[in-house]
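Observations on chain architecture
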Amino acid sequence: MKKILALSAVLAFLFSCNSGDRGELVGAKGKKWYPEKPYGMTLVPGGSFIMGKSDDDFVAVGDAPTKTVTVRSFYMDETEITNAEYRQFVEWVRDSTVRLKLAILADEVGATPGDGSIGEFAFVDQENEEMTPYDQYMYDNYYGMGDDFYAGRKINSDVDLIWDTAEYPDEYYSEVMDTMYIPAEEAYNGQRTIDVTKLKFQYTYMDIQEAARAQDKRRRDFIKKEDVQIYPDTTVWIRDFNYSYNEPMHNDYFWHTAYGDYPVVGVSWKQAKAFCAWRTLYKNSYQKSKKRQHVNSFRLPGEAEWEYAARGGLESATYPWGGPYAKNDRGCFMANFKPLRGDYAADQALYTVEADAYEPNDFNLYNMAGNVAEWVASSYEAASYEYSSTMNPSVNDDENLRKVVRGGSWKDVAYFLQVSSRDFEYADSARSYIGFRTVQDYMGTDITVNKNFGDAR
């Protein structure tokens, strides 16, 4: 016992002498970190503003009384999420689904890499002599546990998928690919397309709000799992408008490159949340490969964050550009909406326009009014302004499926373009006039807008 104590004392002494801190309290050291502006986003400096209707509530909704609130700094997408950006998500899910199916079948038939067959797409851990000790430990102790036998196993992303039927390597590969397409009897005009119902994105998250208020429960009780079909509902162009010819938008708007820079629509609130989870996963996978620190999660903005960003630093303004009119001094409309009692063409756009059309507001954010309305994270409660916090207010009830949409759209009158106007749609609904943009929390030196002196610090 005395020897052990003596050894402990020596080790403690040596550690103290060799640490380089001279016995001072210098704090634990980590990797150097520098804030990195996410691609396509702009920094919205935190601050206080008057939220709600500053003008007369002539429609008598009464759901947006004025109150002073404060929000912290965050990054926000400069534009609405475009068709091209959402297609990147869809194609990632499609490719990942195919690779998983190939790996599972390769496992079932015992195919392995090196034989030029479906085995080239086998799980990375399948007969891989180069597994790290950690991967081997995880494979032996955790993979395949629970309901999913293949949970946690790594798919092979280094081998290119083969889409040309003439180049399929074997019948097993053909079998997997056949399951990804619509049945042959449902094809027409010689086109057999991907069965979009197969494109599902599964993710998990922890409900921190619920966990913080609960007692005597374990962490796992608050981990939620979502399994979402992520392909946009293109039929919204037909269903949203009775007795109207919109088939070209249904057929071409999402997938054709001509509309790549236009805002994605037909996406539900749940699909928008899934996109945020994927974008976080996608970015952090890259960060991990470069041995860099993870970034904060991408998410939908809260209602107060959205309104603060839309105002662009203008206090009590009607629109993102100020107001009170929807035209500038040259008589040109400032946004894409339905002016003049329904003259869609008056603003030179029948439907949506490019996501970076019109002038941005003072935070360099485009189309915060018009083009497409935008999902936010908050649930709609008519009286929520009365009881929500004045610091980063957020009201989101999982039981309330009415989710707030903001900004108005190409088919709305000017009232819904006002930065303070509130509207809602159900979380599982999709519309031809609702899209979204994402935000990310800012870390680092505090940046706020000092309205008394008109600067940011």
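The model shown is predicted, which means the values in this text are computed figures rather than measured ones.

Turning to the nonpolar core, a few remarks are in order. Ranked by size, the top nonpolar core spans 52 residues in total, and within it Tyr-86, Phe-89, Ile-230 and Phe-436 carry the most contacts. Top element by residues in this core is helix α2 (residues 83-109). It accounts for 8 residues. Among residues more than four places away in sequence, those in contact with Ile-230 are Tyr-86, Phe-89, Val-90, Val-93, Leu-199, Phe-201, Gln-271 and Ala-274. By size, the runner-up hydrophobic cluster in this structure holds 22 residues, among which are Met-76, Met-368, Tyr-385 and Val-404.

Time to look at the packing of aromatic side chains. What the rule picks out here adds up to 34 aromatic pairs. Their ring planes at 85° and their centres at 6.2 Å tell us that Phe-424 and Tyr-426 sit as a pair that is edge-to-face. Given the relative accessible area of 39%, Tyr-426 is considered partly exposed. Feature note: the residues Tyr-86, Phe-89, Trp-92, Phe-201, Tyr-203, Tyr-205, Tyr-231, Phe-254, Phe-275, Trp-278, Tyr-282 and Phe-436 constitute an aromatic cluster, connected by ring pairs. Between the NZ or CZ atom of Arg-279 and the centre of the ring of Phe-298, over which it lies, the distance is 4.2 Å. Lys-411 extends its terminal NZ or CZ atom over the ring of Tyr-433, reaching a point 4.2 Å from the ring centre.

This paragraph deals with the environment of Lys-32. Among the secondary structure elements, Lys-32 is positioned in the loop between α1 (2-18) and β1 (41-44). The spatial distance from the C-alpha of Lys-32 to the C-alpha of Gln-293 is 9.6 Å, given a sequence separation of 261 residues.

With that settled, the discussion passes to the side chain of Lys-403. As for its position among the elements, Lys-403 is in strand β9 (residues 402-406). One buried charged residue, Lys-403, remains without a salt bridge, the closest side chain of opposite sign being Asp-398 at 5.3 Å.

This paragraph deals with unusual backbone geometry. Unlike most non-glycine residues, Ser-316 shows phi in positive territory, near 60°. One can find Ser-316 in the loop between α9 (303-311) and β8 (373-379). For Ser-316, a relative accessible area of 32% gives the class partly exposed. Not every positive phi belongs to a glycine, and Asn-371 is a case in point at roughly 70°. Looking at the secondary structure, you find Asn-371 in the loop between α9 and β8.

What follows is about the pairing of β8. Among the 7 residues of β8, 7 are classified as buried, and the element is accordingly described as predominantly covered. Bridge count for β8 against strand β11 (residues 434-435) is 2 bridges, and the pairing is parallel. Following the sheet pairing, Ala-373 is matched in β11 by Ile-434. Here β8 runs beside β9; their pairing, made up of 3 bridges, is antiparallel. Among the inter-strand pairings, Trp-375 is bridged to a residue of β9, identified as Val-405.

The element α9 is extensively covered by neighbouring structure, given that 9 of its 9 residues are classed as buried. The complete set of buried residues in α9 reads Glu-303, Ala-304, Glu-305, Trp-306, Glu-307, Tyr-308, Ala-309, Ala-310 and Arg-311. Following α9 by one or two positions, Gly-312 has its phi on the positive side, about 60°.

Moving on, we come to the packing of α2 against helix α8 (residues 269-289). Where α2 meets α8, the closest approach of the two axes is 11 Å, and the angle between their N-to-C directions is 75°. Regarding the angle of α2 to α8, the classification is roughly perpendicular. Every residue of α8 that contacts α2 at Glu-85, Tyr-86, Gln-88, Phe-89 and Trp-92 is listed here: Gln-271, Ala-274, Phe-275, Trp-278, Leu-281 and Tyr-282.

What follows covers helix α4 (residues 171-179). An α-helical segment advances 3.6 residues per turn. Residues three or four places apart therefore align on the same side. Along α4, the residues classified as buried are Tyr-173, Val-176 and Met-177. Projected onto a plane normal to the axis of α4, the buried residues spread over an arc of 95° and lie on a single side. In this structure, the buried residues of α4 make contact with α2. The opening residue of α4, the one whose side-chain oxygen lies 3.2 Å from the backbone nitrogen of Tyr-172, is Asp-170.

What counts and what doesn't
Residues numbered from 1 in each chain as written. Predicted model: local features only at pLDDT ≥ 70, side-chain atom pairs only at ≥ 80, totals over all residues. Heavy atoms only, no water. Core = buried A, V, L, I, M, F, W, Y, C linked by side-chain atoms within 4.5 Å. Buried < 20%, exposed > 50% of the residue type's maximum accessible area, 1.4 Å probe, protein only. Helix = DSSP H or I, 4+ residues; strand = E, 2+ residues; numbered from the N terminus. Contact = heavy atoms within 4.5 Å. Phe/Tyr/Trp six-rings, centres within 6.5 Å; stacked < 30°, edge-to-face > 60°. Lys NZ or Arg CZ within 6 Å of the ring centre and 35° of its normal. Lys, Arg positive; Asp, Glu negative; His and termini not counted. Salt bridge = Lys/Arg side-chain N within 4 Å of Asp/Glu carboxyl O. Pairing = 2+ DSSP bridges. Axes fitted to C-alpha atoms, helices over the stretch in contact; angles between N-to-C directions. Parallel < 35°, antiparallel > 145°, perpendicular 65-115°, else oblique. Arc of directions from axis to C-beta. Polar contact = N/O pair within 3.5 Å; in protein donor to acceptor, adjacent residues only side chain to side chain.

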